Number of protein chains: 2
Amino acid sequence: MSFPPDATLADAGEFGLISAIVDLFPQGEQVLVGPGDDAAVLRVRTGHVVVSTDLMVEGRHFRRDWAEAADVGHRAAAQNLSDINAMGGRATSLTVGLAAPADLPVQWALDFARGFADECALVGASVVGGDLTRADQVVIAVTVLGACTESPVLRSGARPGDVLALCGRQGWAAGGLAVLGRGFRSPRVLVEAYRRPEPPYDAGRAAAAAGATSLIDVSDGLLAEAGHLADDSGVAIDVHASAFDVPEPLHAVGAALGADPMQFILGGGDDHALLGTFPSVEAVPDGWAVIGAVSAGSGVTVDGAAYDGPTGWTHF
Amino acid sequence: MSFPPDATLADAGEFGLISAIVDLFPQGEQVLVGPGDDAAVLRVRTGHVVVSTDLMVEGRHFRRDWAEAADVGHRAAAQNLSDINAMGGRATSLTVGLAAPADLPVQWALDFARGFADECALVGASVVGGDLTRADQVVIAVTVLGACTESPVLRSGARPGDVLALCGRQGWAAGGLAVLGRGFRSPRVLVEAYRRPEPPYDAGRAAAAAGATSLIDVSDGLLAEAGHLADDSGVAIDVHASAFDVPEPLHAVGAALGADPMQFILGGGDDHALLGTFPSVEAVPDGWAVIGAVSAGSGVTVDGAAYDGPTGWTHF
């Protein structure tokens, strides 16, 4: 099905648009029944299913003038796929709900769907169902299903003596968001990092296999997520600022905005790096950087002291 | 955790409110990891997982002045649980996302969550995860997971010679919606049917066991759903208007609004009745009413003729 270039959702109609979107979603061999019935049906090989859900709201989690529709699709998929990564699991199937104004261009919805599908393809997951309806602003609701071993890696397993380690870029997306917020479009590498995060999708399973004692994905800010690990595990976590090499673009943004670039690293989310704890430095897999230590106690410190910069994102 | 009676979401904060809501969600024995980690983890006994997702948008699918928060919760759960019913499956687990304005009363969110949990408890399903964020209007995103046999009942299995049958109330919710739309609050039984549908939750599995050839839940209108069965199965369906006893309250509403009460039955959704086809009248289980017939051809007719009233709901 094709649409005129300036067609809106109201022009396309619900069923025409759904049909065009579904064509963009290839179905994996685990899908017995894909989109189009009352529900999808999946074959499940293992005895455990991991499930997570996230909402993205226009104006709050993304802006249509700050990112292309395909970027929003990539990011919506990435942040959900990352949640399965953070359990040490493997994502297999997703559903996506799109609520949008009637005047949304059909092309936006199609580009969004294509970006979403392309990101899912990176891990071999299929989009098996969804919903489409009208709303005043664009709201994207994603649920992801995955498989995991009998011992998923939780937030609550960190123990005194463990080391804290990070895998993936950290602070880049926050730097990109900061420059977009000031009306700039560069450094481009940071803006792109915000528009299309690149979560380390294989790192979760590798960490689980290596004996990670806890895992979380950094969506709301490094120190905030470290705080979740500390709270849920009943331990204290100290982050070592010296463990981070501040990348040059973050230095540039810090200088331009008059900000300490470390605040993007310590307070930023949206890169969907993985944060975890391991029993020893030796247990930390390749590709991870040791960035701190776990001890008895509670709370999060930076180099042994309270941190007075922004630590993360709150939703209300 | 308790909140002042006039507290809003902004007052409660994300984590306080999530904690209070999660307390309302008992976890079944299938839940290995419930709310609070990056993802939930479920034990799965059968080899097939059924999954469906739906969005409900304030002002479009519900109005806060037309239904209590608990009603909205019941209905949000019911319409999703009904999708699993329509596959001949059994719902086990749900996620729920709530996007809402910062000035939404905390009590609304808690009452919504309680209604949602109570509806899920009717079928023994657990709320295992969710998301909470800010938006301009209330948007509710639900995903439901369930178990089904190796042969889920699809929309595409109807065959010429089958009989069409219905289980559950039909037209009551549409009648209730019609009177609410005119500013009335009675007949109360219809308004309540709209606020809290009562899907026949056991009927899907019973129909599957009885050899149903196709199943669909009536969410968008009886003739519209019959049209989906006809299209997906490649058959013609004739609905017999005489098969319906128009209940007295629908007669009353029809008279008051100057409408044919059959239009609520033929065009109405929201009751989440089950519509299905069976190889013979003898195969139709107790509790179902035969309301039509399947033949070779295409499209849906009423008593052999095209129907010129409203046939259902479109989302754009």
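In the nomenclature of an unreviewed UniProt entry, chain A corresponds to Thiamine-monophosphate kinase from the organism Nocardioides hankookensis. Under Sequence similarities (unreviewed entry), UniProt gives the following word-for-word description of chain A: "Belongs to the thiamine-monophosphate kinase family."

*Asks:* Break down the overall build of chain A for me, citing the residues and quoting the values.
*Replies:* The helix and strand inventory of chain A stands at 10 helices and 12 strands. The C-alpha radius of gyration computed for chain A amounts to 20 Å, which stays within 12% of the reference 20 Å derived for 316 residues, consistent with globular compactness. Once the C-alpha set of chain A is aligned to its principal axes, its extents read approximately 60 × 50 × 30 Å. Evaluated residue by residue, chain A yields a buried proportion of 61% over its 316 residues. Of all intrachain contacts in chain A linking residues separated by at least 6 positions in sequence, the fraction that spans at least 24 positions is 83%.

*Asks:* Before we move on, can you summarise the UniProt feature "binding site: Mg(2+) 1" (unreviewed entry) in chain A with the specific residues and values?
*Replies:* Here, UniProt's "binding site: Mg(2+) 1" (unreviewed entry) annotation points to Thr 53, Asp 54 and Asp 131 of chain A. Reaching out from Thr 53 of chain A, the side chain makes a polar contact with the backbone oxygen of Val 142 of chain A at a distance of 3.0 Å. When you line up the elements, Asp 131 of chain A lands in strand β5 (residues 126–134). Taking relative accessible area as the criterion, Asp 131 of chain A reaches 16% and is therefore assigned buried. Setting aside residues up to four positions removed in sequence, Asp 131 of chain A forms contacts with Val 96, Gly 97 and Leu 98 of chain A together with Thr 53, Asp 54 and Leu 55 of chain B.

*Asks:* With reference to specific residues and values, describe helix α3 (residues 69–85) of chain B.
*Replies:* Between the first and last C-alpha of α3 of chain B there are 24 Å, a value that for 17 residues agrees with the 24 Å anticipated at 1.5 Å per step. A large share of α3 of chain B lies buried, amounting to 17 of its 17 residues.

*Asks:* Give me the packing of helix α5 (residues 172–181) of chain A against helix α6 (residues 188–195) of chain A: which residues, what numbers.
*Replies:* Residues and elements named next belong to chain A. Where α5 contacts α6, the axes come no closer than 7 Å and their chain directions differ by 105 degrees. Between α5 and α6, the interaxial angle falls into the category roughly perpendicular. In this structure, α5 contributes Trp 172, Ala 173, Gly 175, Gly 176, Leu 177, Val 179 and Leu 180 to the contact, and α6 contributes Val 189, Leu 190, Val 191, Ala 193, Tyr 194 and Arg 195.

*Asks:* I'd like a rundown of the relation of the copies chain A and chain B, residues and numbers included.
*Replies:* Taken as rigid bodies, chain A and chain B are interconverted by a rotation of 180 degrees and an axial shift of 0.0 Å, the fit giving an RMSD of 0.0 Å. Viewed as a symmetry operation, the transformation between the two copies matches a two-fold axis. Identified as the residue of chain A closest to the rotation axis by C-alpha distance is Ala 141 of chain A, at 3.1 Å. Most of the interface of chain A is mirrored in chain B: 100% of its interface residues are interface residues there too.

*Asks:* Now, about the domain arrangement of chain A: what can you tell me, with residues and values included?
*Replies:* All names here are of chain A. Segmenting chain A into domains produces domain 1 (9–147) and domain 2 (163–302). Contacts between domain 1 and domain 2 engage 22 residues on the former and 22 residues on the latter. Both sides together, the interface formed by domain 1 and domain 2 hides about 1,800 Å², and carbon and sulfur atoms give 53% of it. Three residues, Trp 66, Arg 75 and Asn 85, lead the burial of domain 1 against domain 2; their summed loss comes to 38% of the area buried on that side. Applying the counting criterion to the domain 1 and domain 2 interface returns 2 salt bridges. We note a salt bridge from Asp 270 to Arg 75, for which the minimum N-O separation is 3.8 Å. For the pair domain 1 and domain 2, the interface holds 10 residue pairs in polar contact (both at pLDDT 80 or more). Elements with a minimum of two residues in the side of domain 1 that touches domain 2: α3 (69–85) and α4 (106–122). At 10 residues, α3 tops the list of elements feeding residues into the side of domain 1 that touches domain 2. Here the residues of the side of domain 1 that touches domain 2 are counted per class, giving 9 nonpolar, 7 polar and 6 charged.

*Asks:* Help me get a handle on the sheet that holds strand β11 (residues 289–295) of chain A, residues and values and all.
*Replies:* Residues and elements named next belong to chain A. One open sheet accounts for 6 strands, arranged β8-β10-β7-β11-β9-β12; its pairing is mixed. Looking at which strands have only one partner, the edges of the open sheet turn out to be β8 (214–218) and β12 (299–302). For this sheet, the mean angle separating the axes of adjacent strands, direction not counted, is 25 degrees. The pairing of strand β7 (residues 163–167) with strand β10 (residues 273–278) spans 5 bridges and is antiparallel. By the bridge assignment, Val 163 is partnered in β10 with Phe 278.

*Asks:* Give a description of the interface of chain A and chain B that names residues and reports values.
*Replies:* Listed by partner, the interface residues are 66 residues for chain A and 66 residues for chain B. Buried surface at the junction of chain A and chain B, both sides included, amounts to about 5,100 Å², of which 62% is carbon and sulfur. Where chain A packs against chain B, one counts 4 salt bridges. Linking chain A with chain B are 21 residue pairs in polar contact (both at pLDDT 80 or more), by the criterion used here. The element that contributes the greatest number of residues to the side of chain A that touches chain B is strand β3 (residues 48–57) of chain A, accounting for 9 residues. Classifying every residue of the side of chain A that touches chain B by side-chain character gives 35 nonpolar, 17 polar and 14 charged. Here 4 bridges tie strand β2 (residues 40–43) of chain A to strand β3 (residues 48–57) of chain B, and the two strands are oriented antiparallel to one another. Residue pairing for β3 of chain B: Arg 43 of chain A is matched across the bridge by His 48 of chain B.

*Asks:* Can you tell me about the pattern of salt bridges, naming the residues and giving the values?
*Replies:* A full pass over the atoms with the stated rule returns 17 salt bridges over all chains. A cluster of three or more residues bridged by salt bridges with shared partners is formed by Asp 37 and Asp 38 of chain A together with Arg 155 of chain B.

*Asks:* So what's going on with the environment of Arg 185 of chain A? Which residues, and what values?
*Replies:* Residues and elements named next belong to chain A. Tracing the backbone shows Arg 185 in the loop between α5 and α6. Under the relative-accessibility criterion, Arg 185 is labelled partly exposed at 40%. Along the sequence, Arg 185 and Trp 66 sit 119 residues apart, while their C-alpha atoms lie 8.8 Å from each other. Excluding residues that lie within four positions of it along the chain, Arg 185 makes contacts with Asp 65, Trp 66, Leu 180, Val 191 and Arg 195.

*Asks:* Run through the UniProt feature "binding site: Mg(2+) 5" (unreviewed entry) in chain A, naming residues and quoting values.
*Replies:* Here the UniProt-annotated "binding site: Mg(2+) 5" (unreviewed entry) positions come out as Asp 220 of chain A. Note that Asp 220 of chain A resides in the loop between β8 and α8 (222–233).

*Asks:* Describe the pairing of strand β5 (residues 126–134) of chain B, with residues and values.
*Replies:* All names here are of chain B. A large share of β5 lies buried, amounting to 7 of its 9 residues. Bridge count between strand β4 (residues 90–100) and β5: 8 bridges; the pairing is parallel. Looking at β5, one finds that Leu 98 is bridged to Leu 132.

Reading the values: the criteria
Positions within a chain are numbered from 1, following the residues in the order the chain's sequence is written. Chains and ligands are labelled by the order in which they are written, letters from A for the one and numbers from 1 for the other. It should be noted that, the model being predicted, local features are given only for residues of pLDDT at least 70 and side-chain atom pairs only at 80 or more, the latter also being counted only at that level, while totals for whole chains, interfaces and linings use all residues. Only hydrogens and water are removed before side-chain values are computed, so all heavy atoms of the structure are retained for them. UniProt positions are given in the numbering used here, feature names are shortened, and annotations may be inferred rather than shown by experiment. Secondary structure counts use DSSP, requiring at least four H or I residues in a row for a helix and at least two E residues in a row for a strand, with both numbered from the N terminus. Computation of the radius of gyration draws on C-alpha atoms alone. For the globule rule, the value is 2.2 Å times the number of residues to the power 0.38. Partly exposed describes any residue whose relative accessible area lies between the buried limit of under 20% and the exposed limit of over 50%, with all areas from a 1.4 Å probe on protein chains only and scaled to the type maximum. Any two residues whose heavy atoms approach within 4.5 Å are treated as being in contact. Nitrogen and oxygen atoms within 3.5 Å of one another constitute a polar contact, given that in protein one can donate a hydrogen and the other can accept it, and given that sequence-neighbouring residues count only through two side-chain atoms. Multiply 1.5 Å by the residue count of a helix minus one, and that product is the helix's expected span. To define axes, lines are fitted to C-alpha atoms, for helices over the stretch in contact only, and angles between the resulting N-to-C directions are given on a 0 to 180 degree scale. Note on angle classes: values under 35 degrees are labelled roughly parallel, values over 145 roughly antiparallel, values of 65 to 115 roughly perpendicular, and the remainder oblique. Superposition of the copies used a least-squares fit over C-alpha atoms from residues whose pLDDT is at least 70 in both. The start and end points of each domain follow an automatic or database-based domain assignment. Once two parts are brought into contact, the accessible area they lose, counted with a 1.4 Å probe and summed over both, makes up the buried area. Put simply, a salt bridge is a Lys or Arg side-chain nitrogen that is within 4 Å of an Asp or Glu carboxyl oxygen. Gly is placed with the polar residues, together with every amino acid not listed as nonpolar (Ala, Val, Leu, Ile, Met, Phe, Trp, Tyr, Cys and Pro) or charged (Asp, Glu, Lys and Arg). We call two strands paired when DSSP finds no fewer than two bridges between them.

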